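Residues per chain are reported as follows:
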Amino acid sequence: MVLASPNPIRNQTIISNELPIVDLMAERSETTKLIVKACEEYGFFKVINHGISYETIAKTEEAGFGFFAKPLCQKKLAAPAYGCKNIGFNGDMGEVEYLLLNATTHSISQISKTISSDPIIFSSTVSGYTEAVKELACEILELMAEGLGVPDTWVFSRLIRDTDSDSILRLNHYPPIINRDSKDKDKSHSYNYTKVGFGEHSDPQILTILRSNDVGGLQISPQHGVWVPVNPDPSAFYVNVGDVLEVMTNGRFVSVRHRAMTNSYKSRMSMAYFGAPPLNACIVAPSVMVTPQRPSLFRPFTWADYKKATYSLRLGDSRIELFKKCKEIE
């Protein structure tokens, strides 16, 4: 389960869905500056010229929609990788069905036998996509470290590259919720976003690489009670800071709260890669991120500890505060 960050985004003037756009083919120093600025002010940005082929993306989306189009009795055979309505273990519900896969070639190969009638093709397709977005995540994390002035530019990405990384790939499918009373029900582009597909949360991992089909529904919260829709762009990827990265940057980057809404007319499917450290990894900010002017905000913890704490709460509950340092009263 993923849970909400209590920290509001620092830029309180976001009133539209025009968010930072990072071109990975632009001049490197400008790219690093833009990424750092976006992570400090929004916790969220859009990536273009990412280097992942249209074919790789399209085949994975086709495989996902192919699975979700099956009868429910067949999809249930893929449990526990497949879930519907229930989000996590604490009673959270949503208008969503999903596939949750460990992001390793071996794991995807094994579970593909219960997902697809052609498991070799499914495994090859999804594994190829997973490796591609993993490399994209690592490239972005290394640009972040460079932009922050961290001497070891692999300090973040090394955790994802580790063979014991706890990274996952999640395919979320939001079927259309037909509003029979809508006067616009014959207009293919008039969507009513009336039901929550996946409730308010932030991602606990390091970094999320998100792609969806050309259907809206994603919203981010720049401040409490404010929800800003994000325009879909199937040719791009969206990147958001996770809780672990907020800790490892000593609070400079913000883990953005977001949610997904269903619409009345068309299915939405998102493919999210959650880059995570190994379970035994100690989460602590590099020394360069801690100064007398900016002392450490968080106590060290393992990803296993944080993951356990995260799963014990419900969507919307505050959890990162549990790992804040206790300040002595002067």
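Residues numbered from 1 in each chain as written. Predicted model: local features only at pLDDT ≥ 70, side-chain atom pairs only at ≥ 80, totals over all residues. Heavy atoms only, no water.

Across its full length, the protein chain holds eight helices and 14 strands. Residues classed as buried in the protein chain amount to 52% of the 330 residues present. Across the protein chain, the fraction of contacts at a sequence separation of at least 24, relative to all contacts at a separation of at least 6, is 77%. (Helix = DSSP H or I, 4+ residues; strand = E, 2+ residues; numbered from the N terminus. Buried < 20%, exposed > 50% of the residue type's maximum accessible area, 1.4 Å probe, protein only. Contact = heavy atoms within 4.5 Å.)

Quick look at the confidence of the model for the protein chain now. For the protein chain, mean pLDDT is 88; residues scoring 70 or higher make up 87% of the total. Segment residues 1–17 is flagged for pLDDT under 50; beyond a separation of four residues in sequence, or across chains, it makes 78 contacts in the model. In the model, residues 184–189 has pLDDT below 50 throughout and makes five contacts with residues more than four positions away in sequence or in other chains. (pLDDT = per-residue confidence, 0-100.)

Glancing now at the nonpolar core. Counting 67 residues, the largest nonpolar core has F45, L99, I140, M144, L207, I209 and L245 as the members making the most contacts within it. Here this core gets 13 residues from one element, more than from any other, and that element is helix α5 (residues 119–148). Non-local contacts of L245, meaning those with residues more than four positions away in its chain, are made with L141, M144, F156, Q205, I206, L207 and F253. In this structure, L19, F44, I220 and A272 belong to the second largest nonpolar core, which totals 13 residues. (Core = buried A, V, L, I, M, F, W, Y, C linked by side-chain atoms within 4.5 Å.)

What follows deals with empty space enclosed by the protein. By rolling a water-sized probe across the atoms, one finds the places where empty space is left. Under the criterion given, the structure shown has one cavity of 30 Å³ or more. Its volume calculated, the largest cavity comes out at about 60 Å³. The wall of the largest cavity is formed by L210, R211, S212, V215, G216, G217, L218, V230, N231, P232, Y238 and R268. It is strand β7 (residues 207–212) that contributes the most residues to the lining of the largest cavity, three residues altogether. A per-class count over the lining of the largest cavity returns six nonpolar, four polar and two charged. (1 Å grid on protein atoms, 1.4 Å probe; cavity = no way out; pocket = protein on both sides within 12 Å on 5 of 7 lines; lining within 4 Å. Points joined across faces, edges and corners; volume = space filled by probe spheres on them. Nonpolar A, V, L, I, M, F, W, Y, C, P; charged D, E, K, R; others polar.)

Here the focus is the sheet that holds strand β4 (residues 92–102). If you walk across this open sheet you meet the eight strands as β1-β2-β10-β7-β12-β5-β4-β3, and the pairing is mixed. The open sheet is flanked by β1 (21–23) and β3 (82–87), the only strands paired with a single partner. Direction aside, the axes of adjacent strands within the sheet are offset by 30° on average. (Pairing = 2+ DSSP bridges. Axes fitted to C-alpha atoms, helices over the stretch in contact; angles between N-to-C directions.)

A few words on the pairing of β7. With six of six residues buried, β7 lies mostly within the body of the structure. One ladder, built from four bridges, connects β7 with strand β10 (residues 237–241); its direction is antiparallel. Within the sheet, the bridge partner assigned to L207 lies in β10 and is V241. Sheet analysis places β7 next to strand β12 (residues 268–275), joined by six bridges and oriented antiparallel. Opposite T208, over in β12, you have F274 as the bridge partner.

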